[in-house]
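Here are the chains, one letter per residue:
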Amino acid sequence: MSTVTAGFQVLPNGKDMNTDGVIPKMVEVVKESGLKYKIGPMETVVEGNFDEIMLLIKTLQQVGIHMGATEVLTNMKLHYKPDGISIENKMTHVN
């Protein structure tokens, strides 16, 4: 399968929940995933095969629940091309 890129936000939510410790833990999981990534102020972008990316999203959702969220909202954009697409390919017009 070709390389895809995904931009996403994983947002833990719960009544009276403080997310200060959850987001850093999620960032740690992204860094440890082995996928190429860029963390931005509004979303994280990762590069890999579809199954790896979906597993990462699922893992991040589980981190939120295990750390006290009652629900996790996920926004995701996925870019697929048959011959693959990388983070660098997507940045050629802004550098």
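Whatever comes next refers back to the structure up there.
Calculation notes
Residues numbered from 1 in each chain as written. Predicted model: local features only at pLDDT ≥ 70, side-chain atom pairs only at ≥ 80, totals over all residues. Heavy atoms only, no water. Axes fitted to C-alpha atoms, helices over the stretch in contact; angles between N-to-C directions. Helix = DSSP H or I, 4+ residues; strand = E, 2+ residues; numbered from the N terminus. Parallel < 35°, antiparallel > 145°, perpendicular 65-115°, else oblique. Left-handed = near helix turned anticlockwise from the far one by under 90°. Contact = heavy atoms within 4.5 Å. Nonpolar A, V, L, I, M, F, W, Y, C, P; charged D, E, K, R; others polar. Buried < 20%, exposed > 50% of the residue type's maximum accessible area, 1.4 Å probe, protein only. Expected span 1.5 Å × (residues − 1). Arc of directions from axis to C-beta. Polar contact = N/O pair within 3.5 Å; in protein donor to acceptor, adjacent residues only side chain to side chain. Core = buried A, V, L, I, M, F, W, Y, C linked by side-chain atoms within 4.5 Å. Patch = residues over 30% accessible without salt bridge, like charges linked within 9 Å, V, L, I, M, F, W, Y side chains within 5 Å. Areas by Shrake-Rupley, 256 points an atom, 1.4 Å probe, with all protein chains shown as cover. Salt bridge = Lys/Arg side-chain N within 4 Å of Asp/Glu carboxyl O.

Participant: Can you tell me about the packing of helix H1 (residues 22-32) against helix H2 (residues 50-66), naming the residues and giving the values?
Facilitator: At a minimum axis separation of 10 Å, H1 and H2 run at an interaxial angle of 155°. In terms of orientation, H1 and H2 fall into the roughly antiparallel class. In this structure, H1 meets H2 at a crossing whose hand is right-handed. Together, Val-22, Lys-25, Met-26, Val-29 and Val-30 of H1 and Leu-56, Thr-59, Leu-60, Val-63 and Gly-64 of H2 make up the contact between the two elements. Partitioned by chemical class, the residues of the contact of H1 with H2 number seven nonpolar, two polar and one charged.

Participant: Residues and numbers for the environment of Gly-84, please.
Facilitator: The residue Gly-84 is located in the loop between strand E4 (71-79) and helix H3 (87-90) in this model. Its relative accessible area of 12% is what places Gly-84 among the buried residues. The sequence separation of Gly-84 and Gly-48 amounts to 36 residues, and the corresponding C-alpha distance is 9.5 Å. Each residue touching Gly-84, except ones within four places of it in the same chain, is listed here: Ser-2 and Thr-3.

Participant: Now, about H2: what can you tell me, with residues and values included?
Facilitator: Between the first and last C-alpha of H2 there are 24 Å, a value that for 17 residues agrees with the 24 Å anticipated at 1.5 Å per step. Here H2 has its buried residues at Ile-53, Leu-56, Ile-57, Leu-60, Val-63 and Gly-64. Along the axis of H2, the buried positions cluster into a sector of 115°, meaning they face one direction only. Seen from the buried face of H2, the exposed residues on the opposite side, beyond 90 degrees, are Asp-51, Leu-55 and His-66.

Participant: Could you give me a rundown of the side chain of Ser-2, with the residues and numbers involved?
Facilitator: For Ser-2, the position within the fold is in the segment before strand E1 (4-13). Here the side chain of Ser-2 touches Lys-81 through a polar contact of 3.0 Å, landing on its backbone oxygen.

Participant: So what's going on with the nonpolar core? Which residues, and what values?
Facilitator: Formed by 17 residues in total, the largest nonpolar core has its most connected members in Phe-8, Val-46, Ile-53, Leu-56 and Leu-60. Looking at this core, the elements with two or more residues in it are E1, H1 and H2. It is H2 that contributes the most residues to this core, five residues altogether.

Participant: Break down a nonpolar patch on the surface for me, with residues and values.
Facilitator: Residues Phe-50, Met-54, Met-76 and Leu-78 make up a contiguous nonpolar surface patch of roughly 300 Å² in combined accessible area. Within the fold, Met-76 resides in strand E4. The exposure class assigned to Met-76 is partly exposed, which follows from its relative accessible area of 34%.

Participant: How would you explain H1 if you had to name every residue and give the values?
Facilitator: When H1 is considered as a whole, its buried residues turn out to be Val-22, Met-26, Val-29 and Val-30. The arc that holds every buried residue of H1, seen down its axis, measures 100°, which confines them to one face. Summarising the contacts, the buried residues of H1 are in contact with E1, strand E2 (36-39), strand E3 (44-48) and H2. Phi for Gly-34, located one or two positions after H1, is positive at around 85°.

Function cannot be read off these values alone, since they describe shape.
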